Amino acid sequence: MSEQSGPSTQQIVEKVWLSIAERRLRPGVQLKEEQMAAIFNVSRARIRQALAVLERDGLVTIVPNRGAFVSKPSVEEARDVFFVRRTVERCVVDRLCKSVSKADLKRLRDHVAKERVANANDVTTDIIKLSGGFHLLLAETVGSDFLFTTMRDLISRSSLITAVYRNTNRFNCGPDEHADIVEAIAANDADTATHLMAHHLEHVESELDLSEIRDLSHDLRAALA
């Protein structure tokens, strides 16, 4: 099979990520290379590349001699991830309050505007991508490779945790709270910005039912179709 055919490695990664975030793939389901290659009409080599990226992001666990599985975050891991996010994002918004430019603010406000459109149209895929993308954009705007890669990892893990433990079908990491954070940053008000970010993450975490793993779909073809 030609490596030029079918979706790219990144497109496969995004499809699996969204299937997890939209709660169509459950933790523990095996991601079989041969079946995925048939679903996406690509080579097994490309599937292995995608699985390696997903493993790096914490969404997939690769077990030697057994294969790849959607990761199962524990309750303790869920709490740890949100604890670290509160710490890292406090640092991010504090740094931005001291260094944000007009161009940076335009990018952030434009992003929030896209979130509002996605929410108004109830486009779940866009809501999920843009919601996490806002937090990643904050870290990118700081200009620190370390903070950016740290946030990318945390957001990926948060997406999996939210998919597993979310107690509602709605996503509350939305544009109104994001907009308030942006305006506090624009005012160079670090105290308000960090307070709003902490409240925002607590709001997201409050909608998690950290008691049990829900029985999501284990049908790989149905989840990725």
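Look above for the structure.
Predicted model, so just to flag it, every value in this text is computed and none were measured. (Residues numbered from 1 in each chain as written. Predicted model: local features only at pLDDT ≥ 70, side-chain atom pairs only at ≥ 80, totals over all residues. Heavy atoms only, no water.)

## A short note on the pairing of strand β3 (residues 67-70)
The following threshold applies: When DSSP locates at least two bridges between a pair of strands, those strands are taken to pair. Put simply, DSSP marks the helices as runs of H or I at least four residues long and the strands as runs of E at least two long, and each gets a number from the N terminus on.
Where strand β1 (residues 30-31) meets β3, two bridges bridge the pair, whose relative direction is antiparallel. Bridging from a neighbouring strand, Gln30 pairs with Phe69 of β3. When strand β2 (residues 60-63) meets β3, the two strands line up antiparallel, connected through four bridges. Bridging across to β3, Ile62 finds its partner in Ala68.

## Description of the pattern of salt bridges
Put simply, the rule reads: Throughout this description, the term salt bridge denotes a Lys or Arg side-chain nitrogen within 4 Å of a carboxyl oxygen of Asp or Glu.
Using the criterion set out here, one finds 13 salt bridges in the structure. Across the salt bridge formed by Asp176 and Arg116, the nearest N and O atoms sit 2.7 Å from each other. Of the two residues, Asp176 is situated in helix α8 (residues 175-186) and Arg116 in helix α5 (residues 102-121); the sequence distance between them amounts to 60 residues. The network of salt bridges with shared partners includes Glu33, Arg44 and Arg48.

## Examining the environment of Gly6
For clarity, the threshold we go by: Only protein chains enter the accessibility calculation, which uses a 1.4 Å probe; a residue whose area is less than 20% of its type maximum is buried, one above 50% is exposed, and one in between is partly exposed. Note on contacts: a residue pair is in contact if any heavy atoms of the two residues lie within 4.5 Å.
Relative to the helices and strands, Gly6 is located in the segment before α1 (9-21). Classification of Gly6 as partly exposed rests on a relative accessible area of 45%. Along the chain, Gly6 and Asn41 lie 35 residues apart, while their C-alpha atoms are 5.7 Å from each other. Setting aside residues up to four positions removed in sequence, Gly6 forms contacts with Phe40, Asn41, Val42 and Arg46.

## Considering helix α6 (residues 124-142)
Threshold: Expected span of a helix: the number of residues minus one, times 1.5 Å. Take the seven residues that end at a residue and the seven that start at it, fit an axis to each, and the angle between those axes is the bend at that residue.
For α6, with 19 residues, the first-to-last C-alpha span of 28 Å sits near the 27 Å given by 1.5 Å per residue. Residue Phe134 marks the point of greatest curvature in α6, where the axis turns by about 30°. If you follow the buried residues of α6, they end up packed against α1, α4 (75-99), α5, α7 (145-165), α8 and α9 (190-206). Looking one or two places after α6, you find Gly143, whose phi comes out positive at around 90°.

## With respect to the sheet that holds β1
Strand order in the open sheet formed by three strands is β1-β3-β2, and the pairing between neighbours is antiparallel. Bordering the open sheet on either side are β1 and β2, each of which pairs with just one other strand.

## Brief notes about α1
With 13 residues, α1 extends 18 Å from end C-alpha to end C-alpha; this agrees with the ideal 18 Å at 1.5 Å per step. Looking at α1, one finds that the buried residues are Thr9, Ile12, Val13, Val16, Trp17, Leu18, Ser19, Ile20 and Ala21. Just beyond α1, the residue with positive phi is Arg23, at close to 65°.

## Digging into the side chain of His178
Here is the rule: The term polar contact refers here to a pair of N or O atoms within 3.5 Å; inside protein, the definition further demands a hydrogen-donor-capable atom paired with an acceptor-capable atom, and it admits residues adjacent in sequence only when both atoms are side-chain atoms.
Mapped onto the elements, His178 comes out in helix α8. Only 2.9 Å separates the side chain of His178 from the side chain of Glu115, close enough to count as a polar contact. Contacts of His178, omitting those with residues within four sequence positions, involve Val112, Glu115, Ser131, Phe134, His135, Cys173 and His200.

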